[in-house]
Amino acid sequence: MLTLASDVEVLARFGRALADPIRCRVLLALRKAPAYPADLADALSVSRTRLSNHLASLRDCGLVVAVPDGRRVRYELADERFGHALDDLRTAVVAVETDRTCADADEKGCC
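Computed from a predicted structure; not experimentally measured.

Describing the nonpolar core
Val26, Leu30, Leu40 and Leu51 are the most contacted members of the largest nonpolar core, which totals 20 residues. Elements that contribute at least two residues to this core include exactly α1 (5-18), α2 (21-32), α3 (37-44), α4 (48-60) and β2 (72-77). It is α2 that provides the largest number of residues to this core, a total of four residues. The contacts of Leu40, once residues within four sequence positions are left out, are Val26, Ala29, Leu30, Ala35, Leu51 and Leu55.

Some words on the pairing of strand β1 (residues 64-69)
Here β1 pairs with β2 via six bridges, running antiparallel. For Pro68, the partnering residue across the bridge sits in β2 and is Val73. The antiparallel pairing of β1 with β2 creates a hairpin that spans two residues between the two strands, and Gly70 there sits at a positive phi of about 65°.

What about the pattern of salt bridges?
The tally for this structure, following the rule as stated, stands at six salt bridges. A salt bridge links Asp39 to Arg72; the nearest nitrogen and oxygen atoms lie 4.0 Å apart. Taken together, the residues Asp39 in helix α3 and Arg72 in strand β2 connect sequence positions 33 residues apart. Using a relative accessible area of 42% as the deciding quantity, one classes Arg72 as partly exposed. Where Asp79 meets Arg81, a salt bridge forms, and the shortest distance between an N and an O atom there is 2.6 Å. Through salt bridges with shared partners, one network takes in Arg31, Asp87 and Arg90.

Details of α3
Of all the residues in α3, the buried ones are Leu40, Ala41 and Leu44. Projection of α3 onto a plane perpendicular to its axis shows the buried side chains occupying an angular sector of 100°, all on one side. Within α3, the exposed residues directed more than 90 degrees away from the buried face are Asp42 and Ala43. Tucked inside the fold, the buried residues of α3 contact α2 and α4. Directly after α3, the chain includes Ser45, whose backbone phi takes a positive value near 55°.

Focus on the environment of Ala78
Within the secondary structure layout, Ala78 lies in the loop between β2 and α5 (80-108). Owing to a relative accessible area of 36%, Ala78 belongs among the partly exposed residues under this scheme. As a C-alpha pair, Ala78 and Ala66 span 12 residues in sequence and 8.8 Å in three-dimensional space.

Rules used throughout
Residues numbered from 1 in each chain as written. Predicted model: local features only at pLDDT ≥ 70, side-chain atom pairs only at ≥ 80, totals over all residues. Heavy atoms only, no water. Core = buried A, V, L, I, M, F, W, Y, C linked by side-chain atoms within 4.5 Å. Buried < 20%, exposed > 50% of the residue type's maximum accessible area, 1.4 Å probe, protein only. Helix = DSSP H or I, 4+ residues; strand = E, 2+ residues; numbered from the N terminus. Contact = heavy atoms within 4.5 Å. Pairing = 2+ DSSP bridges. Salt bridge = Lys/Arg side-chain N within 4 Å of Asp/Glu carboxyl O. Arc of directions from axis to C-beta.

Pasting the structure below:
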């Protein structure tokens, strides 16, 4: 049970990070491997400026870290557990959506 204000704040911060589709795509990409901003921008088909703003937001939420790599900066998840949490959350949401769709279809006699 979440009783501490800090627990609620942590989850709210995570929720805000997931509230934007681009930030979700960044997190899903970084769960696979660290990446450089230019490569992420190209892979996600967003401008570098827009991606930079989203990376800053994810850094502020504590979900990603910037790792200096020579003259460049590489981004990665702040903790590998975030990747597992994203996978678990995605799997749970898909399962609930599938169950709900099947239940709706059963009620309509479609299955």
